[in-house]
Amino acid sequence: MTTIQELMSETSSESILVTDSNLRIIMANRVFCETTGYSFEEVVGQTPALVRSGHHPSEFYCEMWDSIHRNGYWHGEIWNQRKSGEIYQEHLSIGVVRNLGSDASYYVGIYNGHGHLNNLNEQMTRAAYHDPLTGLPNRLRLSQRLQGAIAEASVDKQMAVVLLDMDGFKPVNDNYGHAAGDRILIDVAKRLTASVRGDDMVARLGGDEFVVLLTDITDEQGCRNTLERLLKELCKTYEIGGLKLRLGASLGAAIHPRDSNDADTLLRYADEAMYQAKHGGKNRFVIHDPVEAARRQDAQARMQEIHNALTFHEFTLYYQPQVDLFKGKVIGAEALIRWQSPEHGLIMPDQFIPLAETSDLAIDIGRFVLEQGIAQVAKWHSQGLEWRIGINISPRHLQHPRFIDDVAGILAKYPNLPSHTIELEIIESAALEDIDEIVDMMKNARNVLGVSWALDDFGTGHASLTYLRRLPTQTLKIDRSFVDNITQDVSDLIMVEGMTALAASFRREALAEGMESLEAGRLLVQIGCHCAQGYAIARPMPPDALEEWAKHWRPDPAWRQLGKRKWSRDDMPILYATLDHQSWVETMQALVNRQSNIVPELNPRMCRFGRWQQSLGKSRYGDLPEYALTVPTHEEVHQTGHKIVSLLDCGQQAAAQAELKNLYILRDRLLQQMDSLAERVTRIPD
Ligand code: C2E
Ligand code: CA
Ligand code: CA
């Protein structure tokens, strides 16, 4: 290994000159001084023009420098002049050496009158290919070696390109000086060289960046083991003149030929992996993962598309009405973003919001939605439509220090708009971090700006009741995963009832999301959840379509009727038992239609309805004629059930189908009777 220091050594037989980037001579060796007759002191600080003979036209020097700047070197015969005035000819090789750690470069000239050209050139080249501080190969050499290794690679050999960057190196430089930093780098170089095999290569790219080429690894696990070893080695204490320092390193690796066949690509992958290691908390290694990399690249491309969509105004807001079922009135609308792509048509938010949420794009989108949504509600108000608007706030935007200014700025444009009509919807997890700060901000927004808050997707998070109590949210939007099924699944109905009661006890308003049937509305009003939004009312639509829709919408009259019932919680099992019975009939129907082979409980005292009827039902309503009527009907239901199952057992599918019709009649009768019972127990006493 030849470094410039070694080149300059006393034993060299060539005459050598080193200048800085301004061509000031900084070093000259003994041979140079002997040949020219100048002392070292006379030479240092001069330029090489000192030895010019005047035998070459200025074009000669122009061409020489041209070649140095273009190719990094020049060599040829040159006439020089000694201090004594004697003119002599010698062969000169000049090379530029870049110190990769900084911008400084210097020039090395090697004069040789004896004709050992090859040897000289080789030394010159080697000087240009090594890092002067550590003596390690530099970037140029690495790149050559890497390309060579790729060209010569045999099929069964794998190679790892490892990029390494020290953690916490800059503070060492800043606090203890560059000399200390240099000592560490030299130590790192030594540790790395000592930790790898002879065929491997350690190179320094500059600064505190190194590359290790592991030329023969068995597999990824083999690479992992080596990286672990390197990391461990680098984490050991560095001792510099009494100072003890500990540093870490972040490593990224790419594997040839698995990841790429191209040197630059391998280095780039290693660099990306190293960046991930830094990002992932430092002092660790990451091996390039082709699948993950493809995914990231794809995400990046999609992120760019979202960005463009914002720039080219391809986002628009749809509005889904929110109604008070009991009053039969539209109370407002939730703004839901849509991407109207010229290429792909209408794109739903779940296709781009989650991705946008991983970057500050979410904030730009958030501002757009606030602008548009508030402008729309202001327009409605100016038309006499006193609706509120629900605006979804992304967690990222909510946590952004400028969030409240964003809202205030937009609100200021509409001084006549009552700001409580703006309901900002947040999800539980958004406020979990920095809860104190966020709660303060929310209260501020409410008290100073006057906006309202809603807790979205309620029931899906993990927040505690304490947390719920602290959040100044006026509305709890019950997640549609619960509401979806309330007509089918008693446990969902119980959940929604519970959440509605919870909302009431915290003096919040409950709003059911995802109401998909009129029937669901009938249950909702009975369990006290009067506000809802969902496909059974209307789908999200453009604002003018919503205005039209609102003119013609008629609520289901049963909502008002049933909403008047005053359910005590003790009576609610009537609703649950009713649902249980409906499910029982559905199970039978699925069996007959060969959609399932589950046989419903045939014993009238063992099915869920039957158990309610015997226990709670009997003890609470045993004296009521409405209750008494349900008993024989339920018996009949089960007799019919028995009959159907027997018919199926004998393979009489058609007869079973016919019998199903009777079962439906009985079901409807029982539902009717249960409804009478409900009417009776929920009637407001006069
Ligand atoms: P979300 O806030 O829970 O919005 C309600 C979603 O439920 C909407 O989906 C709506 O179309 C859908 N939905 C309403 N009624 C029914 C129903 O009866 N059945 C079913 N199955 N779905 C119903 P959409 O518009 O696709 O929005 C999905 C999610 O994207 C939203 O969920 C919200 O988290 C997010 N999102 C939408 N617009 C925005 C926005 O402007 N900003 C942010 N940050 N997120 C938004
Ligand atoms: Ca929402
Ligand atoms: Ca929601």
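Here the structure is shown first, and the text comes after it.
Residues numbered from 1 in each chain as written. Chains lettered and ligands numbered in written order. Predicted model: local features only at pLDDT ≥ 70, side-chain atom pairs only at ≥ 80, totals over all residues. Heavy atoms only, no water.

**Student:** I'd like a rundown of the environment of Gln158, residues and numbers included.
**Tutor:** Mapped onto the elements, Gln158 comes out in strand 6 (residues 158–167). A relative accessible area of 21% places Gln158 in the partly exposed class. When neighbours within four sequence positions are excluded, Gln158 is seen to be in contact with Leu214, Thr215, Asp216, Ile217, Thr218, Asp219, Ile255, His256, Pro257 and Arg258. Within the structure, the side chain of Gln158 is placed 3.1 Å from the backbone oxygen of Thr218, a separation counted as a polar contact. (Helix = DSSP H or I, 4+ residues; strand = E, 2+ residues; numbered from the N terminus. Buried < 20%, exposed > 50% of the residue type's maximum accessible area, 1.4 Å probe, protein only. Contact = heavy atoms within 4.5 Å. Polar contact = N/O pair within 3.5 Å; in protein donor to acceptor, adjacent residues only side chain to side chain.)

**Student:** Quick one: what's the story with the coordination of the calcium ion (ligand 2), residue by residue and with numbers?
**Tutor:** Here the calcium ion (ligand 2) is held by the protein donor atoms Glu334 (OE), Asn392 (OD1), Glu425 (OE) and Asp456 (OD), which lie 2.1 to 2.3 Å from it. Here the calcium ion (ligand 2) and the calcium ion (ligand 3) are spaced 3.9 Å apart, with Asp456 acting as a shared donor. In this pair, Glu334 sits in strand 14 (residues 329–341) while Asn392 sits in strand 16 (residues 388–392), placing the two residues 58 residues apart along the sequence. For Glu334, a relative accessible area of 3% translates into the label buried. The class for Asn392 is partly exposed, based on a relative accessible area of 29%. (Donors = N, O, S within 2.8 Å, 3.2 Å for Na, K, Ca; no water.)

**Student:** Report on the site of ligand 1, specifying residues and quantitative values.
**Tutor:** Neighbouring ligand 1 are 21 residues, the closest being Gln320, Arg338, Arg480, Glu516 and Tyr535. Within the side chain of Glu334, one N or O atom sits 3.1 Å away from an oxygen atom of ligand 1. Here an oxygen atom of ligand 1 sits 2.6 Å away from a polar atom, N or O, in the side chain of Arg480. Relative to its unbound accessible area of 790 Å², ligand 1 is 84% covered by the protein chains. Those elements giving two or more residues to the shell around ligand 1 turn out to be strand 14 and strand 18 (452–458). Looking at the shell around ligand 1, the element that brings in the most residues is strand 14, giving four residues. (Near = heavy atom within 4 Å. Areas by Shrake-Rupley, 256 points an atom, 1.4 Å probe, with all protein chains shown as cover.)

**Student:** With reference to specific residues and values, describe a negative patch on the surface.
**Tutor:** On the surface, Glu433, Asp434, Glu437 and Asp440 cluster together to form a negatively charged patch. Take Asp440: it is sitting in helix 17 (residues 435–449). Judged by relative accessible area, which is 52%, Asp440 ranks as exposed. (Patch = residues over 30% accessible without salt bridge, like charges linked within 9 Å, V, L, I, M, F, W, Y side chains within 5 Å. Salt bridge = Lys/Arg side-chain N within 4 Å of Asp/Glu carboxyl O. Lys, Arg positive; Asp, Glu negative; His and termini not counted. Charge placed at Lys NZ, Arg CZ, Asp CG, Glu CD.)

**Student:** Mind laying out the pairing of strand 6, listing which residues take part and the relevant values?
**Tutor:** Counting buried residues in strand 6 gives nine out of 10 residues, a clear majority hidden from the surface. Relative to strand 8 (residues 209–217), strand 6 is paired through seven bridges, and the arrangement is antiparallel. Considered in strand 8, the bridge of Val162 is made with Val212. Sheet topology note: the strand 6/strand 11 (residues 248–256) ladder contains nine bridges and is antiparallel. Bridging across to strand 11, Ala160 finds its partner in Ile255. (Pairing = 2+ DSSP bridges.)

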